[in-house]
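One letter stands for each residue in the lines below.
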Amino acid sequence: MNITNDIKYIGVNDHKVDLFEGQYVVPNGMAYNSYAIMDEKIAIMDTVDAGFTAEWLANIENTLAGRKPDYLIIQHMEPDHSANIVNFVNAYPEAKVVSSAKAFVMMKNFFGTDFAEKQIVVGEGDTLSLGKHTLTFVTAPMVHWPEVIVTYDSADKVLFSADGFGKFGALDVEEEWADEARRYYIGIVGKYGAQVQALLKKAATLDIQTICPLHGPVLTENLGYYIDLYDKWSGYKVEEDGIMIAYTSVYGNTKKAVMKLAEALKANGCEKVIVTDLAREDMAKAVGDAFRYSKLVLATTTYNGDIFPFMREFIDHLVERNYQNRTVAFIENGSWAPLAAKIMKGKLEKSKNLTYVNTSVKILSALNEESEAQVKALANELCDVCNDGACEAEEAPAPAMKKFVCKVCGYVHEAEALPADFRCPLCGVPAKAFIEK
Ligand code: FEO
């Protein structure tokens, strides 16, 4: 496949991979891209995954049609791109290996050799002339490992972007770019937004007409669309107005509240509502959607004095990837000591610039009149609807609430004060069996 007259595609499609990078499902497979730049000298851009040695070496041989490569340029040392360096060197012992200093250290660690006799170390702004094509190397640390370089070919105005602008999915499957690119970016590079922003700033100084990533399709048209999405993702900006409700439900009662909330949001005119069962749907897609939309409702149960495991994992993924600049609400369920909302909020403490809505829904085992009213109030607040006076009520200063804990069963009652005739709704003991927490 020709990318330009001189740049040829020599990568492979992987439809055998079960979990990419050991954790991501890839129903449409994966592409490991590699390119040959044909000039007076020939450069091969990166290798491919270990499972495709013969196919990749055959692609090189067929494309070069009797010529031999002069350079192997390694932009990234993760094994999906570096696994065949030794096989390449064995096949083409005359070729030089071009990479960053950090990458050569990694080669020594991976392969027991850093190819000292044939290495060319490049850093920021260094160039390599192939004849008509001059390649300029740009460092891109942590996009997605520290050794990464990207490469600009000024002759054809091509940016070889390493993992940047990559996506899940093999190249022989047609699919929309953004969903699988978002799931890939947020999952794999999402933590390193500042470093991606730095790379975008450097790229903005270049005249780029084609982007050749190491995964996914070569991008040739409407590059502004892709760059704008990358700017939003790496800047942790809202990609789209919408409400994601992420939930876990053990016996269906939390799910009922979630479904009622989704209905109420739609009735209020909030059209874009995404409901995700964290136990059953792809976690990487759920994480990507949390970054995609402007508002997030987290609904789960108190579980073993913590929260349900899938919700714990979900929030860990968000915080690890610097989740920020969003509006967050909570629905908690607990049959004797509901703590989930407090625990979820605590887990989000390291996330910057989150706005928490005033309304929280507390379910005590199953929805009742009080919690259903909270669901309705939450729907109104999330949709900025004040038609029943809920917003005005929320704007009034909230009374200071205290927590009273039942010494017998652990039930927690939140109120300004505990009435003398109060009885525990779970075990029936009187008010004197409660202690203030
Ligand atoms: Fe596609 Fe970070 O390797």
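Note that the structure is predicted; figures quoted are calculated from it, not measured.

Parameters at a glance
- Residues numbered from 1 in each chain as written.
- Predicted model: local features only at pLDDT ≥ 70, side-chain atom pairs only at ≥ 80, totals over all residues.
- Helix = DSSP H or I, 4+ residues; strand = E, 2+ residues; numbered from the N terminus.
- Buried ≥ 20, exposed ≤ 12 C-beta atoms within 10 Å, placed from the backbone.
- Contact = placed C-beta atoms within 7 Å.
- Core = buried A, V, L, I, M, F, W, Y, C linked by C-beta atoms within 7 Å.
- Domains from an automatic or database assignment.
- Arc of directions from axis to C-beta.
- Axes fitted to C-alpha atoms, helices over the stretch in contact; angles between N-to-C directions.
- Parallel < 35°, antiparallel > 145°, perpendicular 65-115°, else oblique.
- Pairing = 2+ DSSP bridges.
- Right-handed = clockwise from strand over helix to strand, strands pointing away.
- Expected span 1.5 Å × (residues − 1).

Moving on to the overall build of the protein. Within the protein, the regular secondary structure consists of 13 helices and 25 strands. The principal-axis extent of the C-alpha atoms belonging to the protein is close to 90 × 45 × 35 Å. Out of the 437 residues belonging to the protein, those deemed buried represent 42%. The long-range fraction of contacts in the protein, counting pairs at least 24 apart against all pairs at least 6 apart in sequence, stands at 67%.

With 113 residues, the main nonpolar core has Leu72, Ile245, Ala246, Leu261, Ala290, Val297 and Met344 as its most contacted residues. Looking at which element gives the most residues to this core, the answer is helix H5 (residues 177–189), with 6 residues. Residues from two domains meet in this core; each of domain 1 (7–234) and domain 2 (240–396) gives at least three.

Here the focus is helix H11 (residues 340–347). Of all the residues in H11, the buried ones are Ala340, Ala341, Ile343 and Met344. Seen end-on, H11 carries its buried residues on one side only, within an arc spanning 165°. Packing partners of the buried residues in H11 comprise strand E18 (293–303), strand E19 (306–307), helix H10 (309–320) and strand E20 (327–333).

The contact between H5 and helix H9 (residues 283–292) brings their axes to 8 Å, and the two run at 90°. Viewed along their axes, H5 and H9 adopt a mutual orientation that is roughly perpendicular. Contacts between H5 and H9 involve Arg182, Arg183, Ile186 and Gly187 from the former and Ala284, Lys285, Val287, Gly288, Phe291 and Arg292 from the latter.

Let's shift gears to the sheet that holds strand E14 (residues 158–160). Strand order in the open sheet formed by 5 strands is E11-E12-E13-E14-E15, with mixed pairing between adjacent strands. Because the sheet does not close on itself, it has two edges, and the strands there are strand E11 (127–129) and strand E15 (210–212). Taking each pair of neighbouring strands and ignoring which way they run, the sheet shows an average axis angle of 20°. In terms of strand pairing, strand E12 (residues 134–139) meets strand E13 (residues 149–153) through 5 bridges, oriented antiparallel. By the bridge assignment, leucine 135 is partnered in E13 with aspartate 153.

Here the focus is the sheet that holds strand E10 (residues 119–121). Taken together, 6 strands build an open sheet; the order of strands is E1-E6-E7-E8-E9-E10 and the sheet is mixed. Looking at strand neighbours, the two that pair on one side only are strand E1 (7–9) and E10, the edges of this open sheet. Each adjacent strand pair in this sheet contributes to an overall mean axis angle of 25°, direction not counted. As paired elements, strand E7 (residues 42–45) and strand E8 (residues 71–73) share 3 bridges and run parallel to each other. Looking at the pairing, isoleucine 44 lines up with leucine 72 of E8.

Relative to strand E9 (residues 96–99), E8 runs parallel, the two sharing 3 bridges. From the neighbouring strand, leucine 72 faces E9, where its bridge partner is valine 97. Assessed by its sense of winding, the connection that carries the chain from E9 through helix H4 (residues 101–111) to E10 is right-handed.

The subject of this paragraph is unusual backbone geometry. In this chain, valine 143 is followed by histidine 144 through a cis amide linkage whose omega measures 20°. Checked against the element boundaries, histidine 144 lands in the loop between E12 and E13. Of note in the backbone geometry, phenylalanine 115 takes a positive phi value of approximately 55° without being a glycine. With respect to the element layout, phenylalanine 115 can be found in the loop between H4 and E10.

Given a rise of 1.5 Å per residue, 12 residues ought to cover 16 Å, and the 17 Å separating the end C-alpha atoms of helix H1 (residues 53–64) matches this to within 8%. Residues of H1 that are buried sit in contact with strand E2 (12–14), strand E6 (35–38) and E7. Just downstream of H1, alanine 65 is the residue with a positive phi angle, here 45°.

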